Amino acid sequence: LMKFQFYLNFPDYLVQPQKSGEFTIEAPAFNGRIRQNYRSIAVSAIGEDTHLTVKPIVDNYQGNWLPSELVTLHEEFQPDNMSVEVGTPITRTITLTAVGITKEQLPEIKLTKLDGIKSYPDQAENKNVVRDGRIISQRIESFALLPQKPGNYTLPEVKIPWFNTVVNKVEFATLPAKQITVTGSALT
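Cut-offs applied
- Residues numbered from 1 in each chain as written.
- Predicted model: local features only at pLDDT ≥ 70, side-chain atom pairs only at ≥ 80, totals over all residues.
- Heavy atoms only, no water.
- Phe/Tyr/Trp six-rings, centres within 6.5 Å; stacked < 30°, edge-to-face > 60°.
- Salt bridge = Lys/Arg side-chain N within 4 Å of Asp/Glu carboxyl O.
- Helix = DSSP H or I, 4+ residues; strand = E, 2+ residues; numbered from the N terminus.
- Buried < 20%, exposed > 50% of the residue type's maximum accessible area, 1.4 Å probe, protein only.
- Pairing = 2+ DSSP bridges.
- Axes fitted to C-alpha atoms, helices over the stretch in contact; angles between N-to-C directions.

Asks: Any details on the packing of aromatic side chains? Residues and values, ideally.
Replies: This model, assessed by the stated rule, comprises two aromatic pairs. Measuring from centroid to centroid gives 4.9 Å for Tyr61 and Trp65, while their planes differ by 80 degrees, and the two rings are edge-to-face. Three or more aromatic residues joined by ring pairs make a cluster, and in this case those are Tyr61, Trp65 and Phe163.

Asks: An account of the pattern of salt bridges is requested, with residue identities and associated values reported.
Replies: Using the criterion set out here, one finds five salt bridges in the structure. Linking Lys149 and Asp115 is a salt bridge whose minimum nitrogen-to-oxygen distance equals 3.7 Å. With a gap of 34 residues between them, Lys149 in the loop between β11 (134-147) and β12 (151-155) and Asp115 in the loop between β8 (90-99) and β9 (117-121) connect regions that are remote in the sequence. Looking at Asp115, the relative accessible area reads 66%, which means it is exposed. One salt bridge connects Glu141 with Arg139, and the closest N-O pair in it is separated by 2.5 Å. Note on Glu141: relative accessible area 4%, which makes it buried.

Asks: How would you sum up the sheet that holds strand β7 (residues 83-85)? Please name residues and give values.
Replies: If you walk across this open sheet you meet the three strands as β7-β15-β12, and the pairing is mixed. Both edges of this open sheet fall to β7 and β12, since each of them pairs with a single strand only. Along the sheet, successive strands turn relative to each other by an average axial angle of 30 degrees, direction set aside.

Asks: Tell me about the pairing of strand β15 (residues 178-183), and name the residues and values.
Replies: Relative to β15, β7 is paired through three bridges, and the arrangement is parallel. Residue pairing across strands places Glu85 opposite Thr183, the latter belonging to β15. Note: β12 against β15, five bridges, orientation antiparallel. Following the sheet pairing, Tyr153 is matched in β15 by Ile180.

Asks: So, the sheet that holds strand β5 (residues 67-68): which residues are in play, and what are the values?
Replies: The strand order across the open sheet built from three strands is β5-β13-β14, with neighbouring strands paired in mixed fashion. Of all strands in the sheet, those with a lone pairing partner are β5 and β14 (169-175), marking the two edges. Two strands pair when backbone bridges link them, and β5 and strand β13 (residues 158-164) are joined in this way by two bridges, in the parallel orientation. Of the residues in β13, the one forming a bridge with Pro67 is Phe163.

Given below as structure tokens:
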């Protein structure tokens, strides 16, 4: 009596529903041959169908649809002090991170224009990784802020709406408003 143990590693797939409703994803199947000693033996394996319910987008949702388990915003400034001279560029880098979302689903981060500070966006970087079977995506956007005249400025808060799939409600990933002090140039 011969015993065989098969280890089949089916690839992981990410399924993104395009509409709401009831769906069945047919099980993957494998048919092939293995070599045992000098003989070739036919083998097959099949998984189980997956049944799922896709809920519709909630009423009165504003913004890009972003259903996730967790969404965060993080920012860094270079230089990191919030007092600069006129004409000194400040680089503001904002990172949007979401769990269970592809990088293509992440929205563009938009900053409010400020009179007295010009803003130049850099090319955004989108990336994702899979950890413990979960996709984690990031959008990293950098902005060069160039103060044009002295004064005290408030960078408005950045607010991204998202739908929390764990508690089934709309939430917001937020960066608080920041104060910048711009002094006159030492050359004037």
